[in-house]
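The lines below spell out each chain.
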Amino acid sequence: MKIAVVNSGVPFVWGGAEHLADALTRRLREFGHDAHLIRIPFQWAPSQEVLRHILACRLMRLEDYDLVIPLKFPAYFLRHDNKVLWLLHQFRQVYDLWDLSFRDSHPKRDDLEMKRLVTQADNTYLPEAKKIYANSHVTADRLKQFNGLDAEILYPPVFEPESFYAGDYGDYIFCPSRINSTKRQQLLVDAMAHCRTPVRLVLAGVPEGPDEEKRIREQIARLGVSNRVEFLPRFILEAQKIELLAKALAVAYVPYDEDSYGYVALEAYLARRPVITCKDSGGILILVKDGETGRVVEPIPQEIGSAFDRLYGNRNEARAQGNAGWDLVESMEITWENVVRRLTGSG
Amino acid sequence: MKPAMKILIAALSGPAVQGTIGEFVARLTEGLRASDHQVDVFQLPAAQSAEALLEHAYAARFLDVGAEADRLLTIGTACHVLQHPAKICVVPGCDSGLDLAIQAAESREHRYICAALATAFSRSRLVLVDSTSKVALGHLGVKAASLLEVPNWESEHLERGLK
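Worth saying up front: this structure is predicted, and the values here are computed from it rather than measured.

Some remarks on the environment of arginine 29 of chain A
Within the secondary structure, arginine 29 of chain A is located in helix H1 (residues 16-30). Sequence spacing of arginine 29 of chain A and alanine 56 of chain A is 27 residues, and the spatial spacing of their C-alpha atoms is 28 Å. Once residues lying within four places of it in the same chain are set aside, the contact partners of arginine 29 of chain A are Ala35 and His36 of chain A together with Gln18 of chain B.

Here you go:
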């Protein structure tokens, strides 16, 4: 089939949606489709810009395709008779983020008009899609709550799942993630102060600011755990991340209330590592089953430390839970083959 | 060449232009990045009819690419209608938009597209054409003071617009 993957984005801002659009286009080609990426520039401030971009997308038609797969607002307004939406983002500023945006001020008339028109455009044009898939239950719930529309969940796979492998179970807990306060790496460092075994912690990722790096460094020094915590506050190459995953004892990922499950747990399971997370971590809880594929504990350093110690003392349990995680990903069909099959309606 | 510019590319994408404009954009992006420029690429749909081409021209007029880029390179019609203070229009001979405009001669779409292109070119820093696209623009009666005919617009001539 001739397929257009349609995305929109702010120039020079490159995030998960952009990587996903690229990966989807590539995978569609691997499965024999003639797939092309369309990427529309977008600006979301001031309010009038949002409406101009809705209008621009609505003006464009895709004539040379059998199937169009839009991913985001406002790209999903492009005209085509056979649209299958894989929804990653609506314009959340007019939905769940509206109250947050105007916590300290009142919306102006332009803001209210934008909210009304974006909602109306979503309500009118989203139902044009033959089918709506959402990347997470949170995205689907939001679509239902604000627009009354149903979406089926279609989880995004890791971009290159073939690259991951399983090595021996080492002596360290690995946490690959951007360094910021909502990812709560500080909880993991605190947990190390409560460990009774020689288990180590490896934190790797780009700090969101100099303060974040300083905060973790000071915490490590203050708690006297520098001999057991390796801090890599930088971008690490994919190959290095895959190797650190493959040789870890387990993976820890303890963000606060995230929308989607993120890629950390998926990548851990592809390397057959168990995952330690917290009861308030959000989307990841659909993947981590306590005592089966890892540990789900209270966001308390003592409990996290105890989970580290238990796996350190029992590698067979780490191996069994990691293998169970791998089985879970298989059973949930979080694979590109499944994504391509469902989006193209081929089975 | 001024080092480490932010360069935005807006090019046509689709089955009809994949092997021509698509490959050129891939080579161009690679070359610019090798020269340490930061490059971001947008792909706009190639029109298959004069009506759609006109709609896409209107759409491009509404799209805002922001102020972060030092240069905007537009490749193919109607990407040239995008607005930027330092825009370089690249008009390859394989531009299907130009062919559609020529085929729609005497129509409303033809007149509007020619006017839109003339305006877009008048507001650009440089228009790079090859011999084929120069002939096509001649058919359309579109003139541009900044028009530069180059035998190979993939080469060093582009640098003139990047200075």
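Some points on the environment of glutamate 330 of chain A
Take glutamate 330 of chain A: it is sitting in helix H11 (residues 315-331). Measuring from C-alpha to C-alpha, the distance between glutamate 330 of chain A and arginine 215 of chain A comes to 39 Å, with 115 residues separating the pair along the chain.

Thoughts on the nonpolar core
By size, the foremost hydrophobic cluster in this structure holds 89 residues, and its most contacted members are Phe73 and Val118 of chain A together with Ile9 and Ile75 of chain B. Residue contacts for isoleucine 75 of chain B: discarding those within four places in its chain leaves Ile9, Ala10, Ala11, Leu12, Ile21, Phe24, Val25, Leu28, His80, Val90 and Pro92 of chain B. Counting 31 residues, the second-largest nonpolar core is a separate cluster that includes Leu232, Ala248, Ile284 and Ile334 of chain A.

Re the interface of chain A and chain B
Taken residue by residue, the interface counts 29 residues in chain A and 33 residues in chain B. Note on chain A versus chain B: buried area summed over both sides is about 2600 Å², and carbon and sulfur give 61% of it. Contact with chain B buries area across many residues of chain A, yet Phe12, Arg39 and Arg61 of chain A alone supply 28% of it, more than any other trio. Seen at the junction of chain A and chain B, the total is three salt bridges. Between arginine 79 of chain A and glutamate 55 of chain B there is a salt bridge, with its nearest N and O atoms 2.9 Å apart. If you look at where chain A meets chain B, you find eleven residue pairs in polar contact (both at pLDDT 80 or more). Every element with two or more residues in the side of chain A that touches chain B is listed here: strand E1 (2-9), strand E2 (34-41) and helix H2 (47-59) of chain A. Here the side of chain A that touches chain B takes seven residues from E2 of chain A, the largest share from any one element. For the side of chain A that touches chain B, the residue count by class is 15 nonpolar, four polar and ten charged.

About the thresholds
Residues numbered from 1 in each chain as written. Chains lettered and ligands numbered in written order. Predicted model: local features only at pLDDT ≥ 70, side-chain atom pairs only at ≥ 80, totals over all residues. Heavy atoms only, no water. Helix = DSSP H or I, 4+ residues; strand = E, 2+ residues; numbered from the N terminus. Contact = heavy atoms within 4.5 Å. Core = buried A, V, L, I, M, F, W, Y, C linked by side-chain atoms within 4.5 Å. Buried < 20%, exposed > 50% of the residue type's maximum accessible area, 1.4 Å probe, protein only. Buried area = accessible area lost by both parts, 1.4 Å probe. Salt bridge = Lys/Arg side-chain N within 4 Å of Asp/Glu carboxyl O. Polar contact = N/O pair within 3.5 Å; in protein donor to acceptor, adjacent residues only side chain to side chain. Nonpolar A, V, L, I, M, F, W, Y, C, P; charged D, E, K, R; others polar.

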